[in-house]
Amino acid sequence: MTRTALREALIAADICAPEKAKMRVGQLWRWIHHQGVTDFDAMTNVDKETRARLAERFTLARPEIVERQISADGVRKYLIRFAPGIEAESVYIPDVGRAGALCVSSQVGCTLNCTFCHTGTQALVRNLTAGEIAAQVQVCRDDLGEWPSDKDERKLSNIVFMGMGEPLYNLDNVSDAIDIISDNEGMALSRRRITVSTAGVVPELTRLGEKTGAMLAISLHATNDALRDKLVPLNPWPNSPYECSDWATIEAFAAIVNKAGYASPIRTPRGRDILAACGQLRSESKKVRASELRAMAAAAGA
Ligand code: SF4
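Cut-offs used in this document
- Position labels on residues start from 1 in each chain and follow its written sequence.
- Totals for whole chains, interfaces and linings use every residue, but because this is a predicted model, local features are given only for residues with pLDDT of at least 70 and side-chain atom pairs only at 80 or more, for both listing and counting.
- Processing note: side-chain calculations cover all non-hydrogen atoms of the structure and skip hydrogens and water entirely.
- Throughout, near means a residue has at least one heavy atom within 4 Å of the molecule or strand.
- Each residue is assigned to one of three groups, with Ala, Val, Leu, Ile, Met, Phe, Trp, Tyr, Cys and Pro labelled nonpolar, Asp, Glu, Lys and Arg labelled charged, and all others, Gly among them, labelled polar.
- Residues with no salt bridge and a relative accessible area higher than 30% make up the patches, which join like charges within 9 Å and nonpolar side chains (Val, Leu, Ile, Met, Phe, Trp, Tyr) within 5 Å.
- Surface accessibility in these figures is a Shrake-Rupley result with a 1.4 Å probe; residues are shielded only by whichever protein chains are displayed.
- The term salt bridge refers to a side-chain nitrogen of Lys or Arg lying within 4 Å of a carboxyl oxygen of Asp or Glu.
- Runs of E in the DSSP output that reach at least two residues are strands. Runs of H or I that reach at least four are helices, and both are numbered from the N terminus.
- Reported domain spans reflect what an automatic or database domain assignment gives.
- A 1.4 Å probe defines the accessible area here, and the buried area is the portion of it lost by two parts on being joined, summed over both.
- The axes used here are C-alpha line fits, helices contributing only the stretch in contact, and every angle between their N-to-C directions lies in the interval 0 to 180 degrees.
- Throughout this description, any angle smaller than 35 degrees is read as roughly parallel, any larger than 145 degrees as roughly antiparallel, any in the 65 to 115 degree range as roughly perpendicular, and the remainder as oblique.
- Note on convention: near helix rotated counterclockwise from far helix by under a right angle means a left-handed crossing. Clockwise means right-handed.
- What makes two residues a contact is simply this: any of their non-hydrogen atoms within 4.5 Å.
- The buried label applies to any residue whose accessible area, calculated with a 1.4 Å probe on protein chains only, is under 20% of its type's maximum; exposed applies above 50%, and partly exposed to all values in between.
- Two strands are counted as paired when DSSP detects at least two bridges linking them.
- Pairing of N or O atoms within 3.5 Å defines a polar contact, subject to two protein rules: one partner must be a possible hydrogen donor and the other a possible acceptor, and residues neighboring in sequence count only if both atoms are side-chain atoms.
- Buried Ala, Val, Leu, Ile, Met, Phe, Trp, Tyr and Cys residues form a nonpolar core when they are joined through side-chain atoms within 4.5 Å.
- Each residue after the first adds 1.5 Å to the expected span of a helix.
- The angle between axes fitted to the seven residues ending at a residue and the seven residues starting there is what we call the bend at that residue.

*Asks:* Looking at this model, I keep getting lost on the site of the ligand. Mind explaining?
*Replies:* Near the ligand, the surroundings consist of C110, L112, C114, F116, C117, T119, G120, G163 and G165. Partitioned by chemical class, the residues of the shell around the ligand number five nonpolar, four polar and no charged.

Printed below as a string of structure tokens:
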């Protein structure tokens, strides 16, 4: 939950009176997002009775890591299950940014189906909630042993919304997640170290800037609209119709762009051996139609 949602939930659950809510939210926030606790009983500055009542009404449980892979170059890929049939991937890339970056997903599947992208072959199942997006960071910090972490020693310093999904088609949840992740009393990842990458949903760009103050990356993929429309409507994945240019071609292209006065750093693909590089993410989650859900419920004798 965001701070506002947490405050409302505590009051609605009669955990505290409105005038005490700010203090209570501050306490819980430190335990959840700075200490990373997943058990109310660990909150030693909260009285026992309140801890018990919190545990009756709320959970701090993490989503399940269904699969964890580590590539030869140190990249870690997590397949995370948020609910039955709702799974998405996120990827930790060491030695990127100030210390290391986590590539998070914002949707299960994707609204778009860029022809070079593995996620694009998976129809949109649903948007991830703010909590599910923030949970990818919490899961990674658990795995890196980053609770509580001093800003200077941490291994996870940057967040990139370059995983599964088009973040600008889920902007409200992405924005709330950035509020949770960047809060200085909690995980305290600076908004200047959070990059939202979009395939170019122009109408939402201004709102992204106003709501999040995060950094922006726009994936052009092509030098002209005709080709762009064909590609959006790169890294190899099983049955991918494309292959990567050779290094000399990539360097020649970067040199042309540089000569024209535009910085064009070449990003080295990481984690290809575990399908963790850009455009290689995908889960087996499928959108289940309401009729199928009803049939499944009926079959289960619900
Ligand atoms: S490149 Fe991005 S927008 Fe395009 S299909 Fe893949 S995840 Fe979706």
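And the narrative resumes.
*Asks:* For this particular structure, what's the right way to read a nonpolar patch on the surface?
*Replies:* A cluster of nonpolar side chains, namely L216, I218 and L220, defines an oily patch on the protein surface of about 280 Å² accessible area. As for its position among the elements, L216 is in strand 9 (residues 215-218).

*Asks:* Can you help me understand the domain arrangement of the protein in this one?
*Replies:* Domain annotation of the protein identifies domain 1 (3-57) and domain 2 (64-301). Of all residues in domain 1, W29, H33 and H34 bury the most surface against domain 2, accounting for 58% of the area lost on that side. Our count for the contact surface shared by domain 1 and domain 2 stands at two salt bridges. Among the ionic pairs, D183 bridges to R3, the shortest N-O distance being 2.7 Å.

*Asks:* Could you clarify how one ought to interpret the packing of helix 5 (residues 171-182) against helix 6 (residues 205-212) in this entry?
*Replies:* Between two packed helices, what matters for the description is the angle formed by their axes and the separation of those axes. Close contact between helix 5 and helix 6 brings their axes to 10 Å; oriented N to C, the two are set at 25 degrees. One finds that helix 5 runs roughly parallel with respect to helix 6. In the crossing of helix 5 with helix 6, the sense of the turn from one axis to the other is right-handed. Together, L171, D172, S175 and I178 of helix 5 and R207, L208, K211 and T212 of helix 6 make up the contact between the two elements. Looking at the contact of helix 5 with helix 6 residue by residue, the class counts come to three nonpolar, two polar and three charged.

*Asks:* Before we go on, may I ask you to explain the pattern of salt bridges in this structure?
*Replies:* For side chains of opposite charge, pairing can occur when their charged atoms come near one another. Inspection of the entire model under this criterion finds 16 salt bridges. A salt bridge links D47 to R24; its shortest N-O distance comes to 3.5 Å. In this pair, D47 is assigned in the loop between helix 2 (18-35) and helix 3 (48-57) and R24 in helix 2, connecting sequence segments 23 residues apart. Take D47: its relative accessible area is 36%, and that puts it in the partly exposed class. Classification of R24 as buried rests on a relative accessible area of 11%.

*Asks:* I tried to follow the sheet that holds strand 9 on my own but got confused; where do I start?
*Replies:* Adjacent strands of a sheet form backbone hydrogen bonds with each other and so pair up, either parallel or antiparallel. Ordered by their spatial adjacency, seven strands build an open sheet running 1-2-3-4-7-8-9, and the pairing between neighbours is mixed. Of all the strands in the sheet, the pair left with one neighbour each is strand 1 (64-70) and strand 9. Averaged over all adjacent pairs, the angle separating strand axes in this sheet is 20 degrees, with direction ignored. Pairing between strand 7 (residues 158-161) and strand 8 (residues 194-198): three bridges, direction parallel. Paired with F161 across the strands is V196, a residue of strand 8. Lying over the sheet, helix 5 contacts strand 7 and strand 8, oriented at roughly 165 degrees with respect to strand 8.

*Asks:* Just checking my understanding: could you explain the packing of helix 1 (residues 3-12) against helix 2 for this structure?
*Replies:* Running from N to C, helix 1 and helix 2 cross one another at 125 degrees; their axes reach a closest spacing of 9 Å. Classed by the angle they form, the pair helix 1 and helix 2 counts as oblique. In this structure, the crossing between helix 1 and helix 2 has a hand that is right-handed. Residue-level inspection shows R3, L6, R7, L10 and I11 of helix 1 in contact with helix 2, the latter providing P18, A21, R24, V25, G26, L28 and W29. Grouping the constituent residues of the contact of helix 1 with helix 2 by class yields eight nonpolar, one polar and three charged.

*Asks:* Can you help me understand the environment of T50 in this one?
*Replies:* Among the secondary structure elements, T50 is positioned in helix 3. Between the C-alpha atoms of T50 and L144, which are 94 residues apart in sequence, the distance is 31 Å. The residues touching T50, leaving out its near neighbours within four places in the chain, are I15 and R24. Polar side-chain contacts of T50 include one of 2.7 Å to the side chain of D47.

*Asks:* Whenever I open this one, the nonpolar core confuses me. Can you help?
*Replies:* Buried together is how nonpolar side chains tend to be arranged in soluble globular proteins. The biggest cluster of nonpolar side chains holds 62 residues, and the ones touching the most others in it are M43, L102, V137, I159 and F161. Ranked by residue count, the leading element in this core is helix 4 (residues 130-144), at seven residues. Of the residues that make up this core, three or more belong to each of domain 1 (3-57) and domain 2 (64-301). Residues in contact with V137, not counting those within four places in the same chain, are L102, V104, L156, I159, I181, M187 and L189. Counting six residues, the second-largest nonpolar core is a separate cluster that includes L112, C114, F116 and A199.

*Asks:* Please clarify how helix 2 should be interpreted in this entry.
*Replies:* Between its first and last C-alpha atoms helix 2 spans 25 Å; for 18 residues at 1.5 Å apiece the expected length is 26 Å, and the two agree. Considering bend angle alone, the principal kink of helix 2 is centred on W29 and spans about 25 degrees. Burial in helix 2 covers these residues: A21, R24, V25, Q27, L28, W29, W31, I32, H33 and H34. On its buried side, helix 2 packs onto helix 1, helix 3, helix 4 and helix 5. Backbone geometry just downstream of helix 2 places G36 in the positive-phi region, at approximately 75 degrees.

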